[in-house]
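# Fold and contact review
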Amino acid sequence: MEPQGEKPGEADGVRVTPQLLKSRSGEFALDSILLLKLRGLGLVDLGCLGACLGLEWLDLSGNALTQLGPLASLRQLAVLNVANNRLTGLEPLAACESLQSLNAAGNLLATPGQLQCLAGLRGLEHLRLRDPLARLSNPLCASPSYWVAVREVLPGLKVIDGERVTGRGSEFYQLCRDLDSSLWPSSSPGPSTAEAQPWVEPGYWEAWPTRSSSILEEACRQFQDTLQECHELDRQAHDSLARAQQALSPAGTTSSFVF
C-alpha cells in the first residue's frame with residue numbers, strides 16, 4: 001500500500017524547532033538528546049534536527065516528510081524509523097555512518113537504485129521497505145523479485161522486512177517464502193480469499209531501546225525500598241501490639257490452653 005496522499009498537519013507546515021525538541025526529549029541541550037520520538041506530528045520540515053549530534057535512536061514515522069537533509073549530520077544515529085512519509089530518496093543517510101536499522105516502509109521509493117546511497121553503510125543490517133501488518137509498502141516492492149535486487153545493492157543486509165536473509169534462521173524464512181510462492185493465487189478462476197487484516201496497531205511490537213531500561217530499573221529499586229519500609233512498619237506494629245497485649249493482660253493469666 002502506498003503512503004496516503006494527505007498527512008495530518010501538512011497544511012500547517014509543521015517544522016522541527018528547538019522548543020519542540022526540548023519538550024519532546026526533556027533535554028535542555030540539543031546535542032544531549034539520545035532518543036527522540038516524533039511520530040505522527042505532521043512534520044514537513046526537519047528544521048534544526050541536525051543539531052542533535054548525539055542522537056542514536058529516532059522515530060519520524062507517520063509524518064509528511066519529503067526529504068531528510070538535516071539527518072546527514074547525525075553520525076551517531078543507529079536506529080531510524082521514517083515509515084509512512086513521502087520520501088522519494090534516502091541520499092542524506094549516506095553520511096549516517098553508524099546506522100544499523102532503517103524502517104522506510106510506506107514511502108515512494110520506486111527502484112532498488114534509490115538504495116544505492118546506503119551501500120557505504122557497513123553497519124546497516126536491518127532494512128524494512130514493506131510492512132504488511134501496517135499496510136505500508138513502496139512502489140519497488142511491487143516486483144516479486146525485489147528482495148533479490150535489494151540484496152544485490154546491499155549485500156551486507158541480514159534482515160529484510162523483518163525476515164532473516166543470512167545467518168542462522170535464514171533457511172527457515174526461505175522455506176516460508178517458497179511455500180508462499182507455491183500458494184500464490186493463480187490467474188485461473190477460483191474462490192476469492194479475504195484480505196488479511198492487522199490485529200494490532202502499527203508500532204505495537206516496536207520496542208524502545210535498551211537504554212530506556214534504566215528508568216525501569218530505577219522504578220524497581222524504588223518499589224523494593226518502599227516494600228522494605230512496609231515490612232519494617234509491619235514488624236514495629238506487631239511488636240507494639242504484643243507489648244500492649246502483655247500490659248493489659250491480668251497478672252498470672254495465660255492466653256493458651258493445655259488439653
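Residues numbered from 1 in each chain as written. Predicted model: local features only at pLDDT ≥ 70, side-chain atom pairs only at ≥ 80, totals over all residues. Heavy atoms only, no water.

### Some thoughts on the overall build of the chain
When you go through the chain residue by residue, the secondary structure sums to four helices and nine strands. Ordered by position from N to C terminus, the α and β elements of the chain give β-α-β-β-β-β-β-β-α-β-β-α-α. Per-residue burial for the chain yields a buried fraction of 31% across its 259 residues. Put simply, of all contacts in the chain between residues at least 6 apart along the chain, 42% involve residues at least 24 apart. Per element, the accessible surface of the chain, about 16,300 Å² overall, is 56% carbon and sulfur. (Helix = DSSP H or I, 4+ residues; strand = E, 2+ residues; numbered from the N terminus. Buried < 20%, exposed > 50% of the residue type's maximum accessible area, 1.4 Å probe, protein only. Contact = heavy atoms within 4.5 Å. Areas by Shrake-Rupley, 256 points an atom, 1.4 Å probe, with all protein chains shown as cover.)

### Quick look at the nonpolar core
If you look at the biggest cluster of nonpolar residues, it comprises 45 residues, and the most contacted ones within it are L49, L60 and L102. Among the elements of the structure, α1 (18-25) and α2 (146-153) are those that each provide at least two residues to this core. For this core, the element with the highest residue contribution is α2, accounting for four residues. Discounting residues that sit within four places of it in the chain, L60 has contacts with L38, L43, L46, L49, L65, L71, L80, N81, V82, A83 and N85. (Core = buried A, V, L, I, M, F, W, Y, C linked by side-chain atoms within 4.5 Å.)

### A short note on the side chain of N63
Relative to the assigned elements, N63 resides in the loop between β4 (57-59) and β5 (79-81). Taking the relative accessible area as the measure of exposure, N63 reaches 0% and is therefore buried. Only 2.9 Å separates the side chain of N63 from the backbone nitrogen of G42, close enough to count as a polar contact. Separated by 2.8 Å, the side chain of N63 and the backbone oxygen of L60 make a polar contact. (Polar contact = N/O pair within 3.5 Å; in protein donor to acceptor, adjacent residues only side chain to side chain.)

### Brief notes about the sheet that holds β5
Each strand in a sheet pairs with its neighbour through backbone hydrogen bonds, running either in the same direction (parallel) or in the opposite one (antiparallel). Strand order across the open sheet formed by seven strands is β2-β4-β5-β6-β7-β8-β9, with mixed pairing between neighbours. The open sheet has two edge strands with one neighbour each: β2 (35-37) and β9 (163-164). Sheet topology note: the strand β7 (residues 126-128)/strand β8 (residues 159-160) ladder contains two bridges and is parallel. Note on β8: the bridge partner recorded for H126 is V159. (Pairing = 2+ DSSP bridges.)

### Some thoughts on the confidence of the model for the chain
Looking at the chain, pLDDT values average 83 and 75% of them are 70 or higher. Considering only residues more than four positions removed or in separate chains, one finds that residues 4-11, a stretch of pLDDT under 50, has 16 contacts. Note on residues 255-259: pLDDT is under 50 here. Beyond four places in sequence and across chains, it has zero contacts. (pLDDT = per-residue confidence, 0-100.)

### Some remarks on a nonpolar patch on the surface
Side chains of L133, W199 and W205 sit close together on the surface and give an oily, nonpolar patch of about 430 Å² of accessible area. As for its placement among the helices and strands, L133 is situated in the loop between β7 and α2. (Patch = residues over 30% accessible without salt bridge, like charges linked within 9 Å, V, L, I, M, F, W, Y side chains within 5 Å. Salt bridge = Lys/Arg side-chain N within 4 Å of Asp/Glu carboxyl O.)

### Remarks on the state of the cysteines
Scanning all chains against the criterion turns up zero disulfides. Counting only cysteine sulfurs, C48 is the nearest neighbor of C52, a cysteine outside any disulfide, at a range of 6.6 Å. What makes C52 buried here is its relative accessible area of 0%. (Disulfide = S-S within 2.5 Å.)

### Concerning the pattern of salt bridges
In this structure the tally under the stated criterion is six salt bridges. Here R15 makes a salt bridge to D45, at a shortest N to O gap of 2.5 Å. A residue pair is termed long-range when its members are at least 10 positions apart, and R15 in strand β1 (residues 14-15) and D45 in strand β3 (residues 43-45) qualify at 30 residues. By relative accessible area, D45 is classed as partly exposed at 25%. D59 is the partner of R39 in a salt bridge, and the nearest nitrogen-oxygen pair spans 3.0 Å. Placement of R39 in the loop between β2 and β3 and of D59 in strand β4 is noted, with a sequence separation of 20 residues between them. What emerges from the salt-bridge pattern is a single network uniting E232, R235 and D239.

### Description of α2
By the burial criterion, the buried members of α2 are Y146, W147, V150 and V153. One side of α2 holds all its buried residues, which, seen down the axis, span an arc of 125°. Relative to its buried face, α2 has exposed residues pointing more than 90 degrees away, namely V148 and E152. (Arc of directions from axis to C-beta.)

### Let's talk about unusual backbone geometry
Where the residue is not glycine, phi is negative for most of them; where a peptide bond is considered, it is trans in most cases. One non-glycine residue with positive phi stands out, namely R135, at about 60°. Relative to the helices and strands, R135 resides in the loop between β7 and α2. Under the relative-accessibility criterion, R135 is labelled partly exposed at 31%. Phi at D161 is positive, roughly 55°, even though this residue is not glycine. Mapped onto the fold, D161 is located in the loop between β8 and β9. Given a relative accessible area of 11%, D161 falls into the buried group.

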